[in-house]
Every structure is written in C-alpha cells, then in structure tokens.
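# Coordinate analysis (summary)
If you want the building blocks of each chain, they are given just below.
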Amino acid sequence: MLMKGWLSRLAAGTGLVMASFGAWAYTQTSGGYNMPTGVTEISHAVHKVHMAAFWTCVAIAVVVFGAMTWSIINHRRSKHPKAADFHESVKVEILWTIAPFVILISLAVPAAGTLIRMEDTRGSDMTVKVTGYQWKWQYEYLGENVSYFSTLTAESNAARQLHSGVDVTKVENYLVDVDNPLVLPVGKKIRFLITANDVIHAWWVPELAVKKDAIPGYVNEIWTKIEQPGTYRGVCAELCGRDHGFMPIVVKAVSEDEYKAFIAAKKGGTAVAAAAPVASDAAPAAEPAPAAAPAPAAVEVAAADTKAAAPAPAAKEEGKDELMKKGEAVYKANCAACHQANGTGLPPNFPSLVNSKVANGPADAHVTQILKGKNLMPPFPQLSDEDVAAVATYERLSWGNKGSVVQPAQVAALRK
Ligand code: HEC
Ligand SMILES: [Cu+2]
C-alpha cells in the first residue's frame, strides 16, 4: 500500500527535525567534537562565525534533502509512470542565483570583520616573541630580558621512545605537557611576534583562537587577550619534520600579580633548558616561591627554574657530579630522540655514542659539533654554555666512555 502524500511528508520532515535537533544538542555541549568556544574575545567571535556557517549548512541540507526525499516518495515511477516534461523557468533561475549570493555575503561579512580584528595588534600591553625550532619553542618577553625554551616534558619524552616499556595511558598529559610553559597575564592585550629558526612551524592554541605560521626570516603578528586564568594547550600545526608531533605548547594564564612574580623570578636567574617537569593541571605547587616572588602559590615554574639556574656565571668551575646530573637532563630533552636514552643511537642514521670517537676524543671537537651540528645532526647554539658543558660531560663519561669533563668556560671560548 502506498503511503499517503501527507504522511510521507510528515515522516521525512520529522526525521530531519530530529536529526537537526540532535546536531543542535550536540554542539551545545560540543562533546569534544565541536570547535571550543575558547577564552578570548576573538575565540568567541570565531566560534560565532563557525556556528553561523554550520547552521546555514544545516538549513540548506534540510531544504535540499527534504525536497529530494519528498520528490523520491511522491514522484516515484510506480506512481507516475509518465514523466512530466517541464523546463526553463526564469523565476527559478533568478531565485537560485540570488539565494546563494545572499547566503555567501551574509557569511563573508562577519568572517571578514573577525579576520580584520585578529590582525589589529595596535595598543597591545606587552609583546612575546615566539620562535619555532626543530622541535621546541622559545619564548622571549620583549623588553623584560626574559627568554627560555619550552620542550616536551622528560616524562612524555622517555615514554614515547620505541620499546620504552611505559604504559602511555598512565602518563599524565602525555605528549601535551612541557617543562616551561608560556606564562601570560589575563586581561592584557598580548602581541605575539612569531617566527622560526629552521623550518616552517605554526603556533596554535585553539582556546585562544591563535594560529599563525612561524616562518624563518619572517615575523608574523597576532594577538590575544585571555579572559580567564587556566592552562591552555596547543601544538605545532605545520608538519616540521620527524618530531613535529612532539613540540606541544602550554600557555598558563595567571593573574597580573602572579605574572609579575613570574617575571621577577625569571630575571633572578638565567634561562635554562634543563627539564624540571612541572605545570600539569593537577600537580600541587612544587615548592615555596623564592623571596623575589611575593605571591606564594605563584607559578611553580618560576620557583623551579630559579633554583636550577641559580647564580652561575659562565666562568664558574663546576663539579663533575653536578655536570653529570644536569647533563643527563639536557641529554634527555635534546639528544635522546636521536641518540637514544642509553646512547646506542639508531644506526645507520644516528650513530651510537658508546665508544664514539668524538665523545672519547678531544673536547673541543665534541663541543664544536654540538654547537655547530654536522650533517643530519642539528646545531644547538641555543643551549647555554652550562648546558652544553653538562651534556658533553655526560656523553663523555657515560656508557663506558672515557672522555674528559668539559667546563662552561671552554664552551664559551668555542662559541666565539
Ligand atoms: C636530529 C638527530 C640528532 C639529535 C637531536 C642530536 N644528534 Fe648528535 N648526531 C646526529 C647525527 C646524524 C650524527 C652523525 C653526524 C655525522 O658525523 O655525520 C650525530 C653525531 C653526534 C656525535 C658524534 C658521534 C660520533 O662518534 O661520530 C656526538 C658526540 C653527538 N652527536 C652529540 C649530540 C648531543 C650532545 C646532542 C644533544 C645536544 C645531539 N647529538 C643531538 C644526530 C642527532
Ligand atoms: Cu613544528
């Protein structure tokens, strides 16, 4: 028996209404599948444009699939064996030219407005220069003389190694946590200058609606104004080589006082690349802040770093144990990806450092190779003299190697 016309229309209509209600309910909670609304004025604007385009698509789908379903049911061949043969209608043609035009313009206007606002970096309160490296980020607070590197936490890095034996589901914030997050104040207009030092990267933090290519030789601009304190995570969004997936971004938005304490604490020491895995959401404040930082719970990062970096002028002689300990951290953060945690490397491309001629040979050549790189090995000029001395010492005295201790002063001399 054939369905009556009104019945089939009702059925098709109900189905579509239910489907779109489902979609609506889903986007309200986002369920992790929709774009985040974010925590900045721009991210809200971007979300609005996104939802407007989404609902326009839903409305078009309802009309198109509704007409199609209705036609399939009511004009099927068994019902109308002889097809109608109408054609050409100026009215319909005008309608289907004007309707898409109106739809596109009504979407383009708010989208263009938002894009223009995103680019307007005028009147910013502070500037942070972001530099992409293979495979880490450097943050430089312009005018503050504070700059540091931000790399994947040692914990994630160890867990991700082939045959690490670590159950990665047990690692907190696996692959999305860093040693030194970017600390920013809320309620301030922050301008970012984004560039790269080797290949093209892209700095992307979805909840800030900030995504910009980091291109060597170019400086791109973008800005943000974060509304609420919190930890916001992002990733490099431009395929930049083997460890592209291992250079996450963590932004910690804090109150202005906490931010000031952080900067003050950072100024107390030099920037270090060595890893002190902190700053996961759940981690309790690591240790009491030093005297320089008035806010007690202030940014645990600051506290950890200042301690590690204490007053260490380049010329100071360092004990072997100290160098070895620091060297291990620097090695894990910067070298283990290629040379492996146990030094055996991944031959034939990445040589073993066990019994290596370089690690057992003259220190100058060893240090120069770290500073300047060689063939597939990238240069590491961004590491401090201390870090280079420590990592060289660590390589020269680990895994049965019989090299010498390297002092920061030696590195400083070779840098020139
Ligand atoms: C992207 C991979 C990669 C990273 C990261 C890396 N290396 Fe290398 N390393 C290499 C390659 C490739 C060579 C071989 C270079 C050549 O001789 O052509 C090498 C060679 C060496 C050698 C000499 C080995 C020998 O006997 O020939 C030393 C020492 C060394 N690296 C130390 C380091 C240190 C220290 C770090 C971290 C600061 C580091 N490497 C990070 C790829 C890497
Ligand atoms: Cu990258």
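Keep in mind that this is a model prediction, so the values were computed, not measured. (Residues numbered from 1 in each chain as written. Chains lettered and ligands numbered in written order. Predicted model: local features only at pLDDT ≥ 70, side-chain atom pairs only at ≥ 80, totals over all residues. Heavy atoms only, no water.)

Now for the packing of aromatic side chains. On inspection of all chains with the given rule, the structure shows twelve aromatic pairs. Both rings, one in Tyr-139 and one in Trp-203, keep their centres 6.3 Å apart while their planes meet at 75°; by these two values the pair is edge-to-face. Within this pair, whereas Tyr-139 is found in strand β2 (residues 136–141), its partner Trp-203 is found in strand β6 (residues 201–205), the two being separated by 64 residues in sequence. When the ring of Tyr-141 is compared with that of Tyr-259, the centres are 6.1 Å apart and the planes differ by 40°; the resulting orientation is tilted. In this pair, Tyr-141 sits in strand β2 while Tyr-259 sits in helix α5 (residues 256–268), placing the two residues 118 residues apart along the sequence. Three or more aromatic residues joined by ring pairs make a cluster, and in this case those are Tyr-139, Tyr-141, Tyr-148, Phe-192, Trp-203, Tyr-259 and Phe-262. The lysine or arginine in question, Arg-160, covers the ring of Phe-246, its NZ or CZ lying 3.9 Å from the ring centre. (Phe/Tyr/Trp six-rings, centres within 6.5 Å; stacked < 30°, edge-to-face > 60°. Helix = DSSP H or I, 4+ residues; strand = E, 2+ residues; numbered from the N terminus. Lys NZ or Arg CZ within 6 Å of the ring centre and 35° of its normal.)

Take the coordination of the iron atom of ligand 1 next. Of the protein atoms, only His-339 (NE2) and Met-377 (SD) coordinate the iron atom of ligand 1, at distances of 2.0 to 2.1 Å. Each of the six donor atoms bound to the iron atom of ligand 1 contributes to angles spanning 85 to 178°, and the resulting shape is octahedral. Taken as a pair, His-339 in helix α8 (residues 336–339) and Met-377 in the loop between α10 (363–372) and α11 (385–397) lie far apart in primary sequence, 38 residues in all. For His-339, a relative accessible area of 10% puts it in the buried group. (Donors = N, O, S within 2.8 Å, 3.2 Å for Na, K, Ca; no water. Tetrahedral: all angles 85-135°; square planar, octahedral: opposite > 155°, others 65-115°. Buried < 20%, exposed > 50% of the residue type's maximum accessible area, 1.4 Å probe, protein only.)

Judged by side-chain polarity, Val-90, Ile-94, Ile-98, Phe-101, Val-102, Ile-105 and Val-109 come together as a nonpolar surface patch covering roughly 700 Å² of accessible area. Inspection of the secondary structure puts Ile-94 in helix α3 (residues 90–119). (Patch = residues over 30% accessible without salt bridge, like charges linked within 9 Å, V, L, I, M, F, W, Y side chains within 5 Å. Areas by Shrake-Rupley, 256 points an atom, 1.4 Å probe, with all protein chains shown as cover. Salt bridge = Lys/Arg side-chain N within 4 Å of Asp/Glu carboxyl O.)

This brings us to the coordination of the copper ion (ligand 2). Protein coordination at the copper ion (ligand 2) comes from His-201 (ND1), Cys-236 (SG), Cys-240 (SG) and Met-247 (SD), with a distance range of 2.0 to 2.6 Å. Around the copper ion (ligand 2), the four donor atoms are arranged such that angles at the metal cover 95 to 128°; this shape is classified as tetrahedral. On the primary sequence, the residues serving as donors to the copper ion (ligand 2) are separated as H-x34-C-x3-C-x6-M. Side by side, Cys-240 and Met-247 carry an identical accessibility label, which is buried.

What follows deals with unusual backbone geometry. Look at the link from Gln-134 to Trp-135: it is a cis peptide, with omega at 5°. Pro-347 connects to Pro-348 through a cis peptide bond whose omega is 5°. For Pro-348, the location among the structural elements is in the loop between α8 and α9 (357–360). Within the chain, Gln-340 stands out as a residue other than glycine whose phi angle is a positive 70°.

As a further point, take α5. For an α-helix the count is 3.6 residues per turn, leaving residues at separations of three or four pointing the same way. An ideal rise of 1.5 Å per residue puts 18 Å on 13 residues; α5 measures up with 19 Å between its terminal C-alpha atoms. Here α5 has its buried residues at Tyr-259, Ala-261, Phe-262, Ile-263, Ala-265 and Lys-266. (Expected span 1.5 Å × (residues − 1).)

Here we come to the site of ligand 1. Neighbouring ligand 1 are 22 residues; Cys-335, Cys-338, His-339, Ser-356 and Met-377 lie closest to it. Contact between ligand 1 and Ser-356: an oxygen atom at 2.7 Å from a side-chain N or O atom of the residue. Mapped onto the shell around ligand 1, the elements with two or more residues apiece are α8, α9, α10 and α11. Of the residues forming the shell around ligand 1, the biggest block, three residues, is contributed by α10. Within the shell around ligand 1, the residues separate by chemical class into twelve nonpolar, seven polar and three charged. (Near = heavy atom within 4 Å. Polar contact = N/O pair within 3.5 Å; in protein donor to acceptor, adjacent residues only side chain to side chain. Nonpolar A, V, L, I, M, F, W, Y, C, P; charged D, E, K, R; others polar.)

Here we take up the pattern of salt bridges. When charged atoms on two side chains of opposite charge get close, those side chains can pair. If you walk through the whole model with that rule in mind, you get 16 salt bridges. Between Glu-221 and Arg-191 there is a salt bridge, with its nearest N and O atoms 2.8 Å apart. With Glu-221 in strand β8 (residues 220–224) and Arg-191 in strand β5 (residues 190–196), the pair connects residues that are 30 residues apart, well separated along the chain. The exposure class assigned to Arg-191 is partly exposed, which follows from its relative accessible area of 23%. The salt bridge partner of Asp-387 is Lys-326, with a shortest N-O separation of 3.6 Å. Taken as a pair, Asp-387 in helix α11 and Lys-326 in helix α7 (residues 320–334) lie far apart in primary sequence, 61 residues in all. Note on Asp-387: relative accessible area 0%, which makes it buried.

Another aspect to go through is the confidence of the model for the protein chain. Residues at a pLDDT of 70 or more form 81% of the protein chain, whose mean pLDDT is 84. With pLDDT under 50 throughout, residues 25–29 is counted as low confidence; its partners more than four residues away or in other chains account for six contacts. Contacts from residues 270–314, a stretch scored under 50 in pLDDT, to residues over four places away or in other chains number 76 contacts. (pLDDT = per-residue confidence, 0-100. Contact = heavy atoms within 4.5 Å.)

Among the six residues that make up β2, five are buried, leaving the element largely enclosed by the rest of the structure. Bridge analysis of strand β1 (residues 126–133) against β2 gives six bridges, and the strand direction is antiparallel. Residue pairing across strands places Gly-132 opposite Trp-137, the latter belonging to β2. In this structure, the hairpin formed by β1 and β2 is closed by a connection of two residues. Here five bridges tie β2 to strand β3 (residues 146–150), and the two strands are oriented antiparallel to one another. (Pairing = 2+ DSSP bridges.)

Attention now goes to α11. Its 13 residues give α11 an end-to-end C-alpha distance of 18 Å, which sits within 8% of 18 Å, the value for a rise of 1.5 Å per residue. Judged by how many residues are buried, α11 sits mostly within the fold: twelve of 13 residues are covered. By the burial criterion, the buried members of α11 are Asp-385, Glu-386, Asp-387, Val-388, Ala-389, Ala-390, Val-391, Ala-392, Thr-393, Tyr-394, Glu-395 and Arg-396. Trp-399 sits one or two residues past α11 and shows a positive phi near 55°.

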